[in-house]
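Chain by chain, the residues run as shown.
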Amino acid sequence: MTDKPIHEDVSIKIKRLLVENDRLKSTIASYQSDLFTLNSLVDALSRAEIGIDIIDVNYHVHFQNQFLEARFGPLNHQFCYEKYMGLDTPCAFCPMEKAIKANQVEKIELAGADGKYYEILSV
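To keep things clear, this report deals only with the structure shown in the data block.

Parameters and conventions
Numbering of residues starts from 1 in every chain and runs along the sequence as written. The predicted origin of the model limits local features to residues at a pLDDT of at least 70 and limits the giving and counting of side-chain atom pairs to 80 or more, whereas totals for whole chains, interfaces and linings rest on all residues. With hydrogens and water excluded, all non-hydrogen atoms of the structure serve as input to the side-chain values. Runs of H or I in DSSP of at least four residues are treated as helices and runs of E of at least two as strands, each being numbered from the N terminus. Counting of polar contacts relies on pairs of N or O atoms within 3.5 Å, with two restrictions inside protein: one atom must be capable of donating a hydrogen and the other of accepting it, and residues adjacent in sequence are counted only when both atoms are side-chain atoms. Throughout, a residue-residue contact means that at least one pair of heavy atoms, one from each residue, lies within 4.5 Å. To estimate the expected span of a helix, subtract one from its residue number and multiply by 1.5 Å. Each reported salt bridge corresponds to a side-chain nitrogen of Lys or Arg within 4 Å of a carboxyl oxygen of Asp or Glu. A 1.4 Å probe rolled over the protein chains alone gives each residue an accessible area, and that area as a share of the maximum for its type sets the label: buried under 20%, exposed over 50%, partly exposed in between. Among buried residues, those of type Ala, Val, Leu, Ile, Met, Phe, Trp, Tyr and Cys that are joined through side-chain atoms within 4.5 Å constitute a nonpolar core. Here a cavity is any set of points on a 1 Å grid over the protein atoms alone where a 1.4 Å probe fits but cannot get out, and a pocket is any open set with protein on both sides within 12 Å along at least 5 of 7 lines; a residue lines the site when it has an atom within 4 Å of a point. Grid points are joined across faces, edges and corners, and a volume is the space filled by probe spheres set on the points. Each residue is assigned to one of three groups, with Ala, Val, Leu, Ile, Met, Phe, Trp, Tyr, Cys and Pro labelled nonpolar, Asp, Glu, Lys and Arg labelled charged, and all others, Gly among them, labelled polar.

### Quick notes on the side chain of Gln-64
Position of Gln-64 among the secondary structure elements: in strand E2 (residues 61-64). Side-chain polar atoms of Gln-64 contact the backbone oxygen of Gly-73, separated by 3.3 Å. A polar contact of 2.8 Å, which involves the side chain of Gln-64, links it to the backbone nitrogen of Leu-75. With sequence-adjacent residues up to four places away left out, Gln-64 is seen in contact with Ile-52, Asp-53, Glu-69, Phe-72, Gly-73, Pro-74, Leu-75 and Tyr-84.

### Brief notes about helix H1 (residues 6-47)
Between its first and last C-alpha atoms H1 spans 61 Å; for 42 residues at 1.5 Å apiece the expected length is 62 Å, and the two agree. Taken from the residues just after H1, Glu-49 is the one with a positive phi, measuring 60°.

### Details of the pattern of salt bridges
Pairing between side chains of opposite charge can happen when the charged atoms of each approach one another. As enumerated under the stated definition, the model contains two salt bridges in all. Ionic pairing is found between Glu-20 and Arg-23, a salt bridge with its closest N-O pair at 2.6 Å. Within this pair, Glu-20 and its partner Arg-23 are both found in helix H1, separated by three residues, close to a single helical turn. When the shortest N-O distance is used, the salt bridge between Glu-119 and Lys-107 registers 2.9 Å. Placement of the pair is Glu-119 in strand E4 (residues 117-122) and Lys-107 in strand E3 (residues 106-111), with a sequence separation of twelve residues. Here Lys-107 falls in the exposed class, since its relative accessible area comes to 54%.

### Observations regarding the nonpolar core
Tyr-59, Cys-80 and Tyr-84 are the most contacted members of the largest nonpolar core, which totals 15 residues. Counting only elements with at least two residues in this core, the list comes to helix H2 (66-72) and helix H3 (80-85). Those residues in contact with Tyr-59 that lie beyond four places of it in its chain are Gln-78, Phe-79, Cys-80, Tyr-81, Pro-90, Cys-94, Met-96 and Glu-97.

### Some words on the side chain of Ser-122
Considering the arrangement of structural elements, one finds Ser-122 in strand E4. We classify Ser-122 as buried; its relative accessible area is 11%. From its side chain, Ser-122 meets the backbone nitrogen of Met-96 in a polar contact 3.4 Å long. Discounting residues that sit within four places of it in the chain, Ser-122 has contacts with Pro-95, Met-96, Ala-99, Gln-104, Val-105 and Glu-106.

### Quick word on the layout of surface pockets
Gaps left between atoms are located by rolling a probe of water-molecule size over the structure's atoms. One number sums up the size of the largest pocket: a volume of about 840 Å³. Asp-53, Ile-55, Ile-120, Leu-121 and Ser-122 are, among the 31 residues lining the largest pocket, the residues nearest its centre. Secondary-structure elements contributing two or more residues to the lining of the largest pocket are strand E1 (53-55), H2, H3, helix H4 (95-102) and E4. With five residues, E4 is the largest single contributor of residues to the lining of the largest pocket. In terms of residue class, the lining of the largest pocket is made up of 25 nonpolar, three polar and three charged.

The following block contains the structure:
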């Protein structure tokens, strides 16, 4: 048996949980603030007609900002080279591959499937 009554152990655990709960609330508030800032930046770039997307190493589009979505339609997990460039296979000149291999920013200018010219920065 313990020298302390059970309710004292429970009381200590509850206090620890309350402290942890406050810490988690603070962390969530910080993440929400960061998310708001990031969303504001992405929205501002869309209004400036700057496209941002997230493409994985298999060329699937996972995210597009409003500018790219308005220009090419939502590409939810479709291949970038098909929708952006109108090609059946990945671009031979893909700056994303070079950026990954060289671990640096790569830049290229090209015409998209919509006939407009784009400056592409891959990171």
